[in-house]
Amino acid sequence: MGDSNCYSDLQKAIEEFRRYYDSSYNLFERTVDCFQEIESSVPVTNDDAFTFLLPHQEEVRNELQKSPSVFFIGEKNCGKSSVINELLRKSALPVDETPCTARIVRIKYATKPYARLVGSNGEEVKKQFFTDRQPPKEFIVVSDQKREDEAVLGATVEVGLNHKLLQSGLELIDSPGKSESEALDNVLNSFLKKGTIPLFVYVINGDKRLTRSVSKG
């Protein structure tokens, strides 16, 4: 089946993910209310379950409110950016025959396309609105001389696109190729340690046209 079916399948998966997250969030809020009611009427001991739940409720709440994310990972030059371009049905990310993506690139919805570089300390380095098909390459591509500099590679690129697939809150995350260098691997591992990514896509060969495989019995 063609890529239109894959596109539709992904949209359905996102909607289902959102329903499960919303259901989990509502259940969590009801649970917190219940525990708070119990706490106000029953003496609390260190063995009670809600002595753990209540102090961590904001942390859990933040996790349940996260937008769905799809993280694309794979060896260098495997075509991760090509797969994302195929999903978006546009040339949203630069694609080259040599390893190109050197930073974590987070693609999310925006009414006006922009590229934003955020340092490893969380502070904005620069932001630029663009009207071309792609964000400025200098945000994503790093020169060979700097591809070992973790201070440079540690910056995260945020790309905002006005695209229907992203309107639901979905975030697509492109990443540098695994095993290209120790510096890039450290950037990748550091990002993964920051939080939970709901869905991973391991790209083996992104140069092949995206299709939904049909098994034959």
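Structure's up top.
First, a word on what this report is: a plain description of the structure on this page. Nothing here was measured: the structure is a model prediction, and the numbers come from that model.

Moving on: the overall build of the protein. For the protein, the helix and strand inventory stands at 7 helices and 7 strands. Reading the helices (α) and strands (β) of the protein from amino to carboxyl end gives α-α-α-β-α-β-β-β-α-α-β-β-α-β. The buried share of the protein, reckoned over its 217 residues, is 40%. A separation threshold of at least 6 residues defines the contact pool for the protein, and within that pool the share at least 24 residues apart is 74%. For the protein, the exposed area adds up to about 12,800 Å²; of that, 49% sits on carbon and sulfur atoms.

Moving on: helix α3 (residues 57-64). Within the span of α3, buried status applies to Gln-57, Arg-61 and Leu-64. Axial view of α3: buried residues confined to an arc of 65°, hence all on one face.

What follows concerns the packing of aromatic side chains. Under the defined criterion, the tally for this structure stands at 3 aromatic pairs. Note on Tyr-114 and Phe-129: the rings are 6.4 Å apart at their centroids and 65° apart in plane angle, and the pair reads as edge-to-face. Taken together, the residues span a long stretch of sequence, with Tyr-114 in strand β3 (residues 114-118) and Phe-129 in strand β4 (residues 124-129) at a distance of 15 residues. Judged by relative accessible area, which is 46%, Phe-129 ranks as partly exposed. Joined through ring pairs, the aromatic side chains of Phe-71, Phe-191 and Phe-200 make up one cluster. The ring centre of Phe-129 lies 4.6 Å from the NZ or CZ of Lys-112, which sits over that ring.

Taken in spatial order, the 7 strands line up as β4-β3-β5-β2-β6-β1-β7 in an open sheet, and their pairing is mixed. Each edge of the open sheet carries a strand with a single partner, namely β4 and β7 (199-202). Between one strand axis and the next, the sheet turns by 20° as a mean value, whatever way the strands run. Looking at chain direction, β3 and strand β5 (residues 156-161) are connected through 5 bridges and run antiparallel. Bridged to Ala-115 within β5 is Val-159. Lying over the sheet, helix α4 (residues 80-88) contacts β1 (69-73), β2 (105-109), β5 and β6 (171-174), oriented at roughly 155° with respect to β6. Sitting on the sheet, helix α7 (residues 182-192) is in contact with β1, β2, β6 and β7, with an inclination near 160° to β1.

In this section: a negative patch on the surface. Among the surface-exposed residues, Glu-148, Asp-149, Glu-150 and Glu-182 lie close enough to one another that they form a single negatively charged patch. When you line up the elements, Glu-150 lands in helix α6 (residues 150-153).

Moving on, we come to the nonpolar core. A general tendency of soluble globular proteins is for nonpolar side chains to be buried together. Phe-72, Leu-88, Ile-107, Leu-161 and Leu-172 are the most contacted members of the largest nonpolar core, which totals 26 residues. At the level of secondary structure, the elements contributing two or more residues to this core comprise β1, α4, β2, β3, α5 (137-140) and β5. When residues of this core are assigned to their parent elements, the largest contribution, 4 residues, is made by α4. Residues contacting Leu-161, with those up to four places away along its chain left out, are Leu-88, Ala-92, Ile-107, Lys-108, Tyr-109, Ala-110, Phe-130 and Leu-166. Counting 12 residues, the second largest nonpolar core, distinct from the first, contains Ala-102, Ile-104, Val-187 and Leu-188.

Rules used in this analysis
- Residues numbered from 1 in each chain as written.
- Predicted model: local features only at pLDDT ≥ 70, side-chain atom pairs only at ≥ 80, totals over all residues.
- Heavy atoms only, no water.
- Helix = DSSP H or I, 4+ residues; strand = E, 2+ residues; numbered from the N terminus.
- Buried < 20%, exposed > 50% of the residue type's maximum accessible area, 1.4 Å probe, protein only.
- Contact = heavy atoms within 4.5 Å.
- Areas by Shrake-Rupley, 256 points an atom, 1.4 Å probe, with all protein chains shown as cover.
- Arc of directions from axis to C-beta.
- Phe/Tyr/Trp six-rings, centres within 6.5 Å; stacked < 30°, edge-to-face > 60°.
- Lys NZ or Arg CZ within 6 Å of the ring centre and 35° of its normal.
- Pairing = 2+ DSSP bridges.
- Axes fitted to C-alpha atoms, helices over the stretch in contact; angles between N-to-C directions.
- Patch = residues over 30% accessible without salt bridge, like charges linked within 9 Å, V, L, I, M, F, W, Y side chains within 5 Å.
- Salt bridge = Lys/Arg side-chain N within 4 Å of Asp/Glu carboxyl O.
- Lys, Arg positive; Asp, Glu negative; His and termini not counted.
- Charge placed at Lys NZ, Arg CZ, Asp CG, Glu CD.
- Core = buried A, V, L, I, M, F, W, Y, C linked by side-chain atoms within 4.5 Å.

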